[in-house]
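Residues per chain are reported as follows:
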Amino acid sequence: MSQQNYTLEHINDYWIGRFQAMACPCEILIVTEDQLIANQAVAITYDEAKRIEHKFSRYRNDNIIHQINNAQGKTIHVDDETANLLEFANQCYELSDGLFDITSGVLREIWKFDGSDKIPGQTHIDNIKSRIGWNKVTWQRPLLTLQNEMEIDLGGLGKEYAVDQCAKLIAEYTTASALVNFGGDIVVTGPRNKNQPWIIGVDDPDKTGENAIGQVQLMRGGLATSGDARRYLLKDGVRYSHILNPKTGWPVLDAPHSVTVIANTCLEAGMLSTFAMLQGKDAEMFLEAQQVKFWCQR
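Anyway, here's the lowdown on the structure attached to this text. If you're wondering where the values come from, they're calculated on a predicted model, not measured in any experiment.

1. Brief notes about unusual backbone geometry
Then, in step 1: Arg-141 connects to Pro-142 through a cis peptide bond whose omega is 5°.
Then, in step 2: Following the sequence through the fold, Pro-142 ends up in the loop between β5 (138-140) and β6 (143-145).
Then, in step 3: Phi at Ala-23 takes a positive value of approximately 60°, unusual for a residue other than glycine.
Then, in step 4: Secondary-structure assignment places Ala-23 in the loop between β2 (14-21) and β3 (24-30).

As structure tokens, this is what we get:
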């Protein structure tokens, strides 16, 4: 691949590579003096991010997601990687009592979280709800059958999965410590020089991208944030989060502005932060029961 797809800069004791993928800014920080190692680590990350984006984006018409969503009731045989993600999505559905549902993406057809006051009518919501429900899907690995007009959307898993995969590939390539950051979803492969932690800011949802409400010291593991800082509706003084309840078709009431969770992997952290948002006013109680480190901003 060519250098033009990403930038590489040396800062203090690390290199930082930057590129765009999955509709967000991506960064790789790697602690090494060797530019060749840094360059190759960023190249590996870029290629893997683009591969996953290409394979699982619902915006493309040449991948497995398009094939599944346009099968019109026919059974699709999926590959192992896709099957693993569907297995994880199935676990999320069961663990969340149906609140985490990869078939609920069709709600985007009527909910446009652009900061306006345009709330869809109940009739439109009811019509869409008939196309939602992982329990309506026939899934027996590796065979998947969706009812006609139903879709799956792995957007709630894809970025976190990509971060984990990229970190894994970097760790296989070099022992140098690295931090992979895709739009605030983060994995650290190990401590920095002299066994020092990575210092990560927790984003302030009221001034997202500009201010931090705290700092995390991370030696190894994943961090993910869910929130409505950029995507919401506001009508009659009520703020509607883009976190939707697939059972009602409506935004979750009393959800935090943002939830940040630390876990062993980015995928696990993302799952827990999303689950917490889906709990609404009980988000903190849910996370305390999971015994994980977290931040909730109301």
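Now that the structure has been shown, the text picks up again.
2. Examining helix α5 (residues 155-173)
Then, in step 1: An ideal rise of 1.5 Å per residue puts 27 Å on 19 residues; α5 measures up with 28 Å between its terminal C-alpha atoms.
Then, in step 2: Among the residues of α5, those classed as buried are Leu-157, Gly-158, Glu-160, Tyr-161, Ala-162, Val-163, Asp-164, Gln-165, Cys-166, Ala-167 and Ile-170.
Then, in step 3: In this structure, the buried side of α5 is in contact with β3, α1 (35-56), α3 (80-95), β7 (178-182), β8 (185-188) and α6 (266-278).

3. Considerations on the sheet that holds β5
Then, in step 1: The sheet built from 3 strands is open, its strands ordered β4-β6-β5 with antiparallel pairing. The two strands at the open ends of the sheet, each matched to only one other strand, are β4 (75-77) and β5. Each strand axis lies, on average, 15° off the axis of its neighbour in the sheet, ignoring direction.
Then, in step 2: In the sheet, β4 pairs with β6 via 3 bridges, with the strands oriented antiparallel. Opposite Thr-75, over in β6, you have Thr-145 as the bridge partner.

4. Some thoughts on the environment of Ser-130
Then, in step 1: Position of Ser-130 relative to the elements: it lies in the loop between α4 (122-129) and β5.
Then, in step 2: C-alpha separation for the pair Ser-130 and Glu-149, spaced 19 residues apart in sequence, amounts to 9.6 Å.
Then, in step 3: Within the local environment of Ser-130, its side chain forms a polar contact with the backbone oxygen of Asn-127, the two atoms lying 2.7 Å apart.

5. Digging into the environment of Ala-49
Then, in step 1: One can find Ala-49 in helix α1.
Then, in step 2: Distance from Ala-49 to Ala-283, taken between C-alpha atoms, is 31 Å for residues 234 residues apart in sequence.
Then, in step 3: Aside from chain neighbours lying at most four places away, what touches Ala-49 is Phe-19, Ala-21, Met-22, Cys-166 and Phe-182.

Calculation notes
Residues numbered from 1 in each chain as written. Predicted model: local features only at pLDDT ≥ 70, side-chain atom pairs only at ≥ 80, totals over all residues. Heavy atoms only, no water. Helix = DSSP H or I, 4+ residues; strand = E, 2+ residues; numbered from the N terminus. Expected span 1.5 Å × (residues − 1). Buried < 20%, exposed > 50% of the residue type's maximum accessible area, 1.4 Å probe, protein only. Contact = heavy atoms within 4.5 Å. Pairing = 2+ DSSP bridges. Axes fitted to C-alpha atoms, helices over the stretch in contact; angles between N-to-C directions. Polar contact = N/O pair within 3.5 Å; in protein donor to acceptor, adjacent residues only side chain to side chain.

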